[in-house]
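Next come the chains, spelled out residue by residue.
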Amino acid sequence: MTEILNIAHLNIALKKEPTRLLVKDVAFQLSAGKTTCIVGESGSGKSLTALTVMGLLSQQLLATGQVLFNGVDLTTLNNKEMQSIRGAQIGMIFQEPMTSLNPVLTVGYQIGEVLSAHKGLKGETLALKVGQLLTQVGISADRANSYPDELSGGQRQRVMVAMSIACEPALLIADEPTTALDVTVQAQILTLLDELKNRMQMAMLFITHDFGVVSDIADDVIVMFRGEIVEAGSKEQVLGNPQHPYTKALLDCVPDVAGKKTLKPIDYAWLNQNKVAG
Ligand SMILES: Nc1ncnc2c1ncn2[C@@H]1O[C@H](COP(=O)(O)OP(=O)(O)OP(=O)(O)O)[C@@H](O)[C@H]1O
Ligand SMILES: [Mg+2]
């Protein structure tokens with residue numbers, strides 16, 4: 001299996017408060033053609049971990065450790081070097097497409113921008129490629145001239161998918177990309193991402209709160225709690241035979257399809273008393 005990303009000893013803290021770690025000693029690897037889901041409660045450090053890989057961490061924060069992408073340590077790159085990788089070799093999709101798309105530019109123009117910046121495409125070749133990408137994500141090529149507000153939420157997220165895969169990245173990072181969508185559209189986007197990942201043999205890092213999503217698309221699962229990875233393994237291991245008390249607690253508050261399971265809220269007092277993390 002080709003290793004695409006290898007993170008080791010990743011710590012993230014506020015520069016002005018370096019001893020209070022927001023992300024603690026995080027380590028994991030991603031391989032080509034595989035999807036790893038990160039789950040965990042709000043504030044557990046999922047987005048900070050993803051932002052570090054994209055080189056988009058806030059200036060107020062400092063990340064230390066190793067983030068090897070195709071053998072290159074991203075933490076050693078300057079802004080310009082990182083810009084040439086971001087969007088080209090590492091694609092990204094975020095939760096709310098309206099905040100990532102520019103409302104005054106057509107979606108075709110915005111997809112085209114990625115290709116002209118990283119691949120130098122222009123004119124007819126560029127227009128053709130934009131049309132192909134739209135078709136690939138299930139939108140008719142003639143919608144290239146539409147503005148974001150003329151598209152539905154699901155279509156806008158498809159445009160974001162088209163932008164993120166335009167340069168055929170080796171790694172795709174998706175931070176809760178379907179949370180704002182209704183369940184049927186969510187299922188369509190998940191299927192689309194899964195197909196593209198298989199076809200292009202990308203490594204996919206997928207952040208979600210939703211165990212339904214995990215069971216649909218994950219190969220591997222990482223569980224984060226208070227800045228640490230408390231459990232990691234194959235989907236079958238983590239969902240079928242969870243070992244850590246927080247993972248068990250998290251799974252206990254997910255409803256089953258029949259709605260017959262007794263749901264238990266997470267007992268934070270117990271987790272604190274037993275010092276499971278943090
Ligand atoms: N720029 C920042 N300055 C200070 N603290 C920050 C900053 N960004 C994030 N944090 C803190 O770091 C912690 C981890 O944040 P992060 O965004 O990674 O959480 P998350 O797991 O993605 O949560 P969610 O599920 O809500 O998106 C949180 O406690 C958050 O308040
Ligand atoms: Mg987040």
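Heads up: these notes are all about the structure in this document.

Cut-offs and rules
- Residues numbered from 1 in each chain as written.
- Chains lettered and ligands numbered in written order.
- Predicted model: local features only at pLDDT ≥ 70, side-chain atom pairs only at ≥ 80, totals over all residues.
- Helix = DSSP H or I, 4+ residues; strand = E, 2+ residues; numbered from the N terminus.
- Rg over C-alpha atoms; globule rule 2.2 N^0.38 Å.
- Core = buried A, V, L, I, M, F, W, Y, C linked by C-beta atoms within 7 Å.
- Buried ≥ 20, exposed ≤ 12 C-beta atoms within 10 Å, placed from the backbone.
- Domains from an automatic or database assignment.
- Contact = placed C-beta atoms within 7 Å.
- Near = placed C-beta within 6 Å.
- Nonpolar A, V, L, I, M, F, W, Y, C, P; charged D, E, K, R; others polar.

1. Comments concerning the overall build of the protein
Piece 1. Within the protein, the regular secondary structure consists of eleven helices and ten strands.
Piece 2. For 278 residues, the compact-globule estimate of 2.2 N^0.38 gives 19 Å, and the C-alpha radius of gyration of the protein, at 19 Å, lies within 12% of that figure.
Piece 3. Its C-alpha atoms give the protein principal-axis dimensions of about 65 × 50 × 35 Å.

2. Details of the nonpolar core
Across soluble globular proteins, you tend to see nonpolar side chains buried next to one another.
Piece 1. Ranked by internal contacts, the top residues of the largest apolar core, which has 72 residues, are Ile111, Ala162, Leu171, Ile173 and Val223.
Piece 2. Top element by residues in this core is helix α6 (residues 153-165). It accounts for six residues.
Piece 3. Formed jointly, this core draws a minimum of three residues from each of two domains, domain 1 (1-89 + 170-236) and domain 2 (101-166).
Piece 4. For isoleucine 173, the contacting residues outside a window of four places in its chain are Ala50, Val53, Met54, Ile90, Met92 and Leu205.

3. Concerning the site of ligand 1
Piece 1. Neighbouring residues of ligand 1: 13 residues in total, closest Ser42, Lys46, Ser47, Leu48 and Ser58.
Piece 2. Broken down by element, the shell around ligand 1 gets its largest block of residues, three residues, from helix α1 (residues 46-54).
Piece 3. Of the residues assigned to the shell around ligand 1, the class counts are four nonpolar, eight polar and one charged.

4. A look at the environment of valine 159
Piece 1. Relative to the helices and strands, valine 159 resides in helix α6.
Piece 2. Valine 159 sits 26 residues away from leucine 133 along the chain, and the two C-alpha atoms are 8.8 Å apart.

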